[in-house]
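Structural characterization, general
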Amino acid sequence: MENQKLEIKTALQVLKPAHDVFEAIVDPAKMSNYFISEGSGRMEEGKTLTWKFPEFEETFPVRVGKIEKDNYIAYYWDGTDGNELLVEINLTPKGENATVVTITEKEMENNEAGLNWLKGNTAGWANFLACLKAYLEHGINLRKGAFDFMKAEV
């Protein structure tokens, strides 16, 4: 069997229209309620942004790829081994007030580093989806304080 590349794919239904979900992902002011602590701008095709997460001191570059309003978001960020990883977010409406959010992140080598990435980022994307759902449906920021234990101790 060939050494296949690894990719993550996960999905969750959010009880909000696709437009609301799309805006919650591309607008850093909204995204700061469930994922990042701050972002340098709105996600738009061709832009390179920086994101800061509450549990880390450094910022992370994000290169925005293709955007299809209310339907599709693609961006690139650095993987654990320094290579650029593609994140694709598909929004599939289910009736007027529900959206299935499917996230795919790819790809890493099928080796120890790749398996560690697969484990960590699969958990991370499941957390992203749960936090997005809690924020949009109930106005709750599940991420606030959740990863403070990961901060470097002074």
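Our subject is the structure listed above.
None of these values were measured; they are calculated from a predicted model.

A word on the overall build of the protein chain. When its secondary structure is counted, the protein chain shows three helices and seven strands. Taken against the 2.2 N^0.38 rule, which gives 15 Å for 154 residues, the C-alpha radius of gyration of the protein chain at 15 Å falls within 12% of a compact globule. For the C-alpha atoms alone, the extent of the protein chain along its principal axes is close to 45 × 45 × 25 Å. Here the analysis covers contacts within the protein chain between residues at least 6 apart in sequence; of these, 48% occur between residues at least 24 apart. Of the roughly 8,500 Å² of accessible surface on the protein chain, a fraction of 50% belongs to carbon and sulfur atoms. If the 17 positive side-chain charges of the protein chain are averaged to one point and the 25 negative ones to another, these points end up 5 Å apart.

Glancing now at the sheet that holds strand S4 (residues 59-68). Across the sheet, which stays open at both edges, the seven strands sit in the order S1-S7-S6-S5-S4-S3-S2 with antiparallel pairing between neighbours. Looking along the sheet, the strands with just one partner apiece sit at the ends: strand S1 (6-14) and strand S2 (38-39). Looking at chain direction, strand S3 (residues 48-52) and S4 are connected through five bridges and run antiparallel. Bridged to Trp51 within S4 is Phe60. Seen against the sheet, helix H3 (residues 112-138) touches S1, strand S5 (72-78), strand S6 (84-93) and strand S7 (99-108) and runs at an angle of roughly 15 degrees to S1.

So, on to the environment of Met108. Of note, Met108 is situated in strand S7. Each C-alpha atom of the pair Met108 and Leu85 lies 8.0 Å from the other, and the pair is 23 residues apart in sequence.

What counts as what
Residues numbered from 1 in each chain as written. Predicted model: local features only at pLDDT ≥ 70, side-chain atom pairs only at ≥ 80, totals over all residues. Heavy atoms only, no water. Helix = DSSP H or I, 4+ residues; strand = E, 2+ residues; numbered from the N terminus. Rg over C-alpha atoms; globule rule 2.2 N^0.38 Å. Contact = heavy atoms within 4.5 Å. Areas by Shrake-Rupley, 256 points an atom, 1.4 Å probe, with all protein chains shown as cover. Lys, Arg positive; Asp, Glu negative; His and termini not counted. Charge placed at Lys NZ, Arg CZ, Asp CG, Glu CD. Pairing = 2+ DSSP bridges. Axes fitted to C-alpha atoms, helices over the stretch in contact; angles between N-to-C directions.

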